[in-house]
Amino acid sequence: MSGFQINLNPLKEPLGFIKVLEWIASIFAFATCGGFKGQTEIQVSCPPTITENKTITATFGYPFRLNEASFQPPPGVNICDVNWKSYVLIGDYSSSAQFYVTFAVFVFLYCIAALLLYVGYTSLYLDSRKLPMIDFVVTLVATFLWLVSTSAWAKALTDIKIATGHNIVQELSPCKKKEILCYFGSVTSMGSLNVSVIEFHCVAQAGMQWHDLGTLQPPPPGFK
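Residues numbered from 1 in each chain as written. Predicted model: local features only at pLDDT ≥ 70, side-chain atom pairs only at ≥ 80, totals over all residues. Heavy atoms only, no water.

**Side note on the UniProt feature "transmembrane region" (unreviewed entry) in the protein chain**
- As annotated by UniProt and renumbered to match this structure, "transmembrane region" (unreviewed entry) occupies residues 99–121 and 133–154.
- Between the end C-alpha atoms of residues 99–121 the distance is 32 Å, and the span holds 96% helix and 0% strand.
- When the span residues 133–154 is considered, its composition is 100% helix and 0% strand, and the gap between its end C-alpha atoms is 31 Å. (UniProt positions renumbered as here; feature names shortened; annotations may be inferred. Helix = DSSP H or I, 4+ residues; strand = E, 2+ residues; numbered from the N terminus.)

What follows is the structure, given as structure tokens:
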């Protein structure tokens, strides 16, 4: 078995370069999704008792169990004699979110192992018949699951936007009363979650295409 010896040339080739991109994408994916915190606000009034709008807020985040995110009025304020804490957002999207984040962590760890092999044991990788094939099969399976998890999370993200958007006003039973006026206020931007889904999806597809070319073909000049 060859000893550990650093060789950065594989990082200049598609096989190593794409692994670096996958590693960065996985970090961004589980960091943005796993660390996301947001809130949706609704303006409430009940003339003539309360003429000015009061804000109730529901805070949500990973793992996106919205049915556990209750609305909170300002401290010490009784808004329209309603116990707003007993009302929650609708939906539980924890399975899709946790699958997405868990698999991103797996890709992160696998990319570290693969890059360590490419950079530190280049000769061993090139001289072996089994390692490139094992690497290819694992990448094939990982890419498929990567796309599945991304698609599931993309669908869940769309539903989360609907559940925390202006439609929530129609779902709150107190807001259906004539004496209580409810208006949708705002919701935290989910732009970073959109970017993570698109980036994760694109890098996975590129990784599969380049790995197919880089692994099964003879190593290009300068790889050793």
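**Points about the nonpolar core**
- I42, V44, F64, F71, W84 and W153 are the most contacted members of the largest nonpolar core, which has 38 residues in total.
- The set of elements that each furnish at least two residues to this core consists of α1 (14–34), β1 (37–46), β2 (50–61), α2 (94–120), α4 (130–163), α5 (168–171) and α6 (191–216).
- Broken down by element, the residue count for this core peaks at 5 residues, all from α4.
- Setting aside residues up to four positions removed in sequence, V44 forms contacts with E52, N53, K54, I56, I79, C80, W84, I180, L181 and C182.
- The next biggest cluster of nonpolar side chains, apart from the first, holds 7 residues, and it includes L15, L115, L117 and Y125. (Core = buried A, V, L, I, M, F, W, Y, C linked by side-chain atoms within 4.5 Å. Buried < 20%, exposed > 50% of the residue type's maximum accessible area, 1.4 Å probe, protein only. Contact = heavy atoms within 4.5 Å.)

**Examining the pattern of salt bridges**
- Throughout the structure, instances matching the rule amount to 3 salt bridges.
- In this structure, the salt-bridge partner of K19 is E22, at a minimum N-O distance of 3.8 Å. Within this pair, K19 and its partner E22 are both found in helix α1, separated by 3 residues, close to a single helical turn.
- Its relative accessible area of 4% is what places E22 among the buried residues.
- E52 serves as the salt-bridge partner of K54, at 3.1 Å between the closest nitrogen and oxygen. (Salt bridge = Lys/Arg side-chain N within 4 Å of Asp/Glu carboxyl O.)

**Considerations on unusual backbone geometry**
- In this structure, the amide linkage connecting P47 to the following residue, P48, adopts the cis form with an omega of 0°.
- Its location among the elements puts P48 in the loop between β1 and β2.
- The residue after Y62, namely P63, is reached through a cis peptide bond having omega 10°.
- If you check the backbone angles, F64 has positive phi at about 65° while not being a glycine.
- By the secondary structure assignment, F64 is in the loop between β2 and β3 (71–72).
- A relative accessible area of 0% places F64 in the buried class.

**A closer look at the state of the cysteines**
- Taken as a whole, this structure holds 2 disulfides when the rule is applied.
- The disulfide bridge from C46 ends at C80, spanning 2.2 Å between sulfur atoms. Sign of the S-S torsion, about -105° for the bond between C46 and C80, identifies this disulfide as left-handed. In this pair, C46 sits in strand β1 while C80 sits in the loop between β3 and α2, placing the two residues 34 residues apart along the sequence. As far as burial versus exposure is concerned, C46 and C80 are alike and both buried.
- At a sulfur-sulfur separation of 2.1 Å, the disulfide partner of C175 is C182. Around the S-S axis, the bridge from C175 to C182 shows a dihedral of about -85° and counts as left-handed.
- A residue is classified by how much of its surface remains accessible, and C182, at 13% relative accessible area, is buried. (Disulfide = S-S within 2.5 Å.)

**Overview of the sheet that holds β3**
- With antiparallel pairing, the 4 strands of this open sheet are ordered in space as β3-β2-β1-β4. Among the strands making up the open sheet, the edge pair consists of β3 and β4 (181–187).
- In this structure, β1 lies alongside β4, joined through 6 bridges in antiparallel fashion. Among the inter-strand pairings, I42 is bridged to a residue of β4, identified as F184. (Pairing = 2+ DSSP bridges.)

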